[in-house]
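If you want the building blocks of each chain, they are given just below.
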Amino acid sequence: MGLPLAGLFSLEGRVAVVTGGSSGLGRTIALTLAEAGAHITLVARDRARLEEAAAAVEALGRRAAWLEADMADTTRLPEVARQAAAALGAPDIVVHAAGINRRPPLDALTPEDWDVTLAVNLTAPHRLSQAFAPAMVARGWGRFIHLASLQSVRALGNSGAYGVSKAGIAQLARVQAEAWSRHGVNSNAIAPGFFPTPLTRAVFDDPARAAALAARTMIGRNGALEDIRGAALFLASRASDYVTGQLLFVDGGFSAG
């Protein structure tokens with residue numbers, strides 16, 4: 001029957017790098033992977049939040065390291081990858097959760113808005129994955145998990161560059177799967193619905209808007225941070241050995257309506 005059920009979901013001895021791991025969904029995923037046994041290297045911009053998240057990982061009995069870095073500075077990405085791999089070892093699992101969403105109307109979107117959004121949301125996941133993949137391929141096992149979005153497949157107002165970047169993320173997971181899965185390195189994306197995070201503060205600061213979005217789900221509510229845990233652990237573990245190139249919606253049925 002293969003691995004015992006508990007072994008399918010165990011990350012004991014694994015090393016994970018989580019970008020955007022100091023807050024929101026990234027922090028929740030990082031702590032989930034740590035609870036399952038992984039040691040965690042966190043990459044984000046806010047030093048105080050990084051230190052707090054690393055302490056939370058260590059409180060679970062796992063090793064933690066953190067690296068202060070801005071994903072918009074694409075010239076620094078090779079060094080970010082090198083330092084992240086040096087902190088606790090070359091990662092077995094990489095979660096790309098860092099993101100930015102500027103919200104001007106499309107006709108007011110500046111070149112700088114476009115460039116920084118694509119840099120953080122799409123270029124950084126590509127280049128960091130490209131740097132981490134060779135060691136995974138050499139070991140014959142690895143996981144890339146990308147944070148996509150409802151906007152990977154549909155357009156929402158005042159989110160043009162973000163939507164384009166997240167559509168690109170869904171395809172990035174597919175092309176990575178095509179390139180590396182035959183070597184045991186799977187790549188998938190999670191598309192969250194509306195969760196209360198720093199990135200969606202503009203939504204949840206408006207109770208009427210948040211309630212309207214909840215009403216569009218089949219479950220009848222917006223996401224809670226713990227709702228991401230199961231999907232993340234599944235895609236990070238041996239349980240997903242035969243799952244790659246997929247876009248998994250965790251949205252209460254929003255996208256199915």
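Structure's up top.
As the structure is a prediction and not an experimental result, all values here were calculated from the model. (Residues numbered from 1 in each chain as written. Predicted model: local features only at pLDDT ≥ 70, side-chain atom pairs only at ≥ 80, totals over all residues. Heavy atoms only, no water.)

Visitor: So what exactly am I meant to see when it comes to the packing of aromatic side chains here?
Guide: For any pair of aromatic rings, the description consists of the separation of the ring centres together with the inter-plane angle of the planes. Counted by the stated rule, this structure contains 2 aromatic pairs. Ring centres of Phe 144 and Trp 180 lie 5.5 Å apart, and the angle between their planes is 45 degrees; this geometry places the pair in the tilted category. Linking Phe 144 in strand 5 (residues 142-147) with Trp 180 in helix 6 (residues 160-180), this pair joins segments that are 36 residues apart in sequence. With respect to burial, Phe 144 and Trp 180 carry one shared label: buried. Ring geometry for Phe 194 and Phe 254: centres 5.8 Å apart, planes at 55 degrees, overall tilted. Pair noted here: Phe 194 is in the loop between strand 6 (185-192) and helix 7 (201-204) and Phe 254 is in the segment after strand 7 (247-250), with a separation of 60 residues, a long-range link. (Phe/Tyr/Trp six-rings, centres within 6.5 Å; stacked < 30°, edge-to-face > 60°. Helix = DSSP H or I, 4+ residues; strand = E, 2+ residues; numbered from the N terminus. Buried < 20%, exposed > 50% of the residue type's maximum accessible area, 1.4 Å probe, protein only.)

Visitor: How should helix 4 (residues 77-88) be read in this particular structure?
Guide: An α-helix turns once per 3.6 residues; consequently, residues spaced three or four apart project the same way. A rise of 1.5 Å per residue sets the reference length of helix 4, with its 12 residues, at 16 Å; its end C-alpha atoms lie 18 Å apart and thus fit the reference within 8%. Three or more residues of helix 4 are buried, namely Leu 77, Val 80, Ala 81, Ala 84 and Leu 88. End-on view of helix 4: buried residues confined to an arc of 100 degrees, all on one side of the axis. Residues of helix 4 that are exposed and point more than 90 degrees away from the buried face comprise Pro 78 and Ala 86. Lining the buried residues of helix 4 we find strand 1 (15-19), strand 2 (39-44), strand 3 (64-68) and helix 5 (111-139). (Expected span 1.5 Å × (residues − 1). Arc of directions from axis to C-beta. Contact = heavy atoms within 4.5 Å.)

Visitor: Got a minute to help me understand the pairing of strand 3 in this structure?
Guide: The side chains of a regular strand alternate between the sheet's two faces. Relative to strand 3, strand 2 runs parallel, the two sharing 5 bridges. Bridge assignment links Thr 41 to a residue of strand 3, and that residue is Ala 65. Once you follow strand 2 into helix 3 (residues 47-59) and on to strand 3, the crossover reads as right-handed. (Pairing = 2+ DSSP bridges. Right-handed = clockwise from strand over helix to strand, strands pointing away.)

Visitor: Help me understand helix 8 (residues 207-215) in this model?
Guide: For helix 8, the full list of buried residues reads Ala 210, Leu 213 and Ala 214. Taken down its axis, helix 8 places every buried residue within 100 degrees of arc, on the same side. In this structure, helix 8 carries Ala 208 and Ala 215 as exposed residues pointing more than 90 degrees from its buried face. On the buried face of helix 8, the contacting elements are helix 7.

Visitor: In this structure, what is going on with the environment of Gly 37? I would like to understand it.
Guide: Within the secondary structure, Gly 37 is located in the loop between helix 2 (24-35) and strand 2. Relative accessible area serves as the criterion here: at 0%, Gly 37 is assigned to the buried category. Sequence separation between Gly 37 and Val 80 is 43 residues, and the spatial gap between their C-alpha atoms is 24 Å. Not counting chain neighbours up to four residues away, the residues in contact with Gly 37 comprise Leu 11, Glu 12, Gly 13, Arg 14 and Arg 62.

Visitor: Just checking my understanding: could you explain unusual backbone geometry for this structure?
Guide: The phi torsion of most residues other than glycine is negative, and most of the peptide bonds are trans. If you check the backbone angles, Asn 158 has positive phi at about 55 degrees while not being a glycine. Mapped onto the elements of the fold, Asn 158 is located in the loop between strand 5 and helix 6.

Visitor: Is there a simple way to think about the pattern of salt bridges in this case?
Guide: Side-chain pairing between opposite charges can occur once the charged atoms of the two side chains come close. Tallied over the entire structure, the rule returns 12 salt bridges. A salt bridge links Arg 143 to Asp 241; its shortest N-O distance comes to 2.6 Å. Linking Arg 143 in strand 5 with Asp 241 in the loop between helix 9 (229-236) and strand 7, this pair joins segments that are 98 residues apart in sequence. The exposure class of Arg 143 is buried, given its relative accessible area of 1%. Classification of Asp 241 as partly exposed rests on a relative accessible area of 35%. Connected through salt bridges with shared partners, the residues Arg 102, Glu 112 and Asp 113 form a single ionic network. (Salt bridge = Lys/Arg side-chain N within 4 Å of Asp/Glu carboxyl O.)

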